[in-house]
Amino acid sequence: MDILVEISENLQKGKAKVVKELVGQAVEQGIPAKEVLEKGLLAGMDVIGEKFKNNEVFVPEVLVAARAMNMGASVLKPLLADGDQTSAGKVCIGTVKGDLHDIGKNLVKMMMEGKGLEVVDLGTDVAPETYVETAVNQHCQIICCSALLTTTMPVMAEVVKAAEKAGIRDNVKIMIGGAPVTEAFCEQIGADKYTPDAASAADAAVELCRAAG
Ligand code: B1M
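Residues numbered from 1 in each chain as written. Predicted model: local features only at pLDDT ≥ 70, side-chain atom pairs only at ≥ 80, totals over all residues. Heavy atoms only, no water.

A. Spotlight on the packing of helix 1 (residues 3-12) against helix 2 (residues 16-28). As a packed pair, helix 1 and helix 2 sit with axes 9 Å apart at the nearest point and diverge in direction by 165 degrees. Taken together, helix 1 and helix 2 sit at an angle that is classed as roughly antiparallel. Crossing of helix 1 over helix 2 shows left-handed handedness. Residues Ile 3, Glu 6, Ile 7, Asn 10 and Leu 11 of helix 1 lie in contact with helix 2, whose contacting residues are Val 18, Val 19, Leu 22, Val 23, Gln 25 and Ala 26. (Axes fitted to C-alpha atoms, helices over the stretch in contact; angles between N-to-C directions. Helix = DSSP H or I, 4+ residues; strand = E, 2+ residues; numbered from the N terminus. Parallel < 35°, antiparallel > 145°, perpendicular 65-115°, else oblique. Left-handed = near helix turned anticlockwise from the far one by under 90°. Contact = heavy atoms within 4.5 Å.)

B. Up close: a nonpolar patch on the surface. On the surface, Phe 52, Val 59 and Leu 63 cluster together to form a nonpolar patch covering roughly 290 Å² of accessible area. Secondary-structure assignment places Leu 63 in helix 4 (residues 59-76). Residue classification places Leu 63 among the exposed residues on the basis of a relative accessible area of 57%. (Patch = residues over 30% accessible without salt bridge, like charges linked within 9 Å, V, L, I, M, F, W, Y side chains within 5 Å. Areas by Shrake-Rupley, 256 points an atom, 1.4 Å probe, with all protein chains shown as cover. Salt bridge = Lys/Arg side-chain N within 4 Å of Asp/Glu carboxyl O. Buried < 20%, exposed > 50% of the residue type's maximum accessible area, 1.4 Å probe, protein only.)

C. Quick look at the site of the ligand. Near the ligand, the surroundings consist of 33 residues, among which Leu 100, His 101, Asp 102, Ser 146 and Ala 198 are the closest. Contact distances for the ligand include 3.0 Å between a nitrogen atom and a backbone N or O atom of Gly 98. Separating an oxygen atom of the ligand from a backbone N or O atom of Leu 100 is a distance of 2.6 Å. For the shell around the ligand, the class distribution of residues is 20 nonpolar, 9 polar and 4 charged. (Near = heavy atom within 4 Å. Polar contact = N/O pair within 3.5 Å; in protein donor to acceptor, adjacent residues only side chain to side chain. Nonpolar A, V, L, I, M, F, W, Y, C, P; charged D, E, K, R; others polar.)

Next up, the structure:
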């Protein structure tokens, strides 16, 4: 069987150790890390997502698949890094209040670190004030918000408002993303940048930090 298919299938079964080993083997075989991520790990998460939507699998199965995803991704992390590791800027990232999904957020963090950005990880269920306080206290050029639920997307608008209220809106950029988030939503709430995936988020963050000087 194709090793990428094996990774996807074992991820769906939640076999974290096997996934980790297979990811290592795929890399040893010379398959590019990005391909292992997209055609192995993310392909497996897509299947789980579809089954979750159709009530064919439930929270416990999704959780073990998520654990396998994170373990597999940890093997790829150093390989997805660029050669130049001088600090390209500093950002804070978190999944917004009420939302516990962190796989996408972790991928964005991983890609950003790979591009030489310093990333303060606030975890999940992050209140608007926490993003703003962190940006101020830790001198971040960008606040990055992830949301996976349509019900938690509006918290992103609250983050923009909290930044305005704290008087940091001119100095700190706000980036948003996550499956239900769109460019139109970004414009609507007055955030600075929407990107659809982790790689483009990392590129955009480096660009924004560079522009900020
Ligand atoms: Co949840 N869940 N979940 N879930 N879950 C979704 C999101 C859902 C679409 C499934 C479905 O019904 N079809 C649905 C949301 C429906 C909606 O809002 N319209 C849903 C639901 C309903 C729920 C619960 C309410 C279920 C329940 O309890 N009844 C509950 C809510 C809990 C909460 O957060 N308060 C819940 C719980 C869970 C688990 C805990 C079981 C688990 C999360 C585990 C974890 O994250 N540690 C889980 C999972 C895994 C999913 C699915 C299956 C997969 C999400 C995922 O990790 N995808 C998801 C279905 C799906 O998306 N197909 C689903 C892989 C990940 C790499 O993609 O996060 O989109 P994603 O990230 C992408 C991009 O979006 C982007 O980059 C990443 C890749 O390049 N990106 C950014 C992400 N953040 C970014 C930020 C950026 C830029 C790009 O800039 C800052």
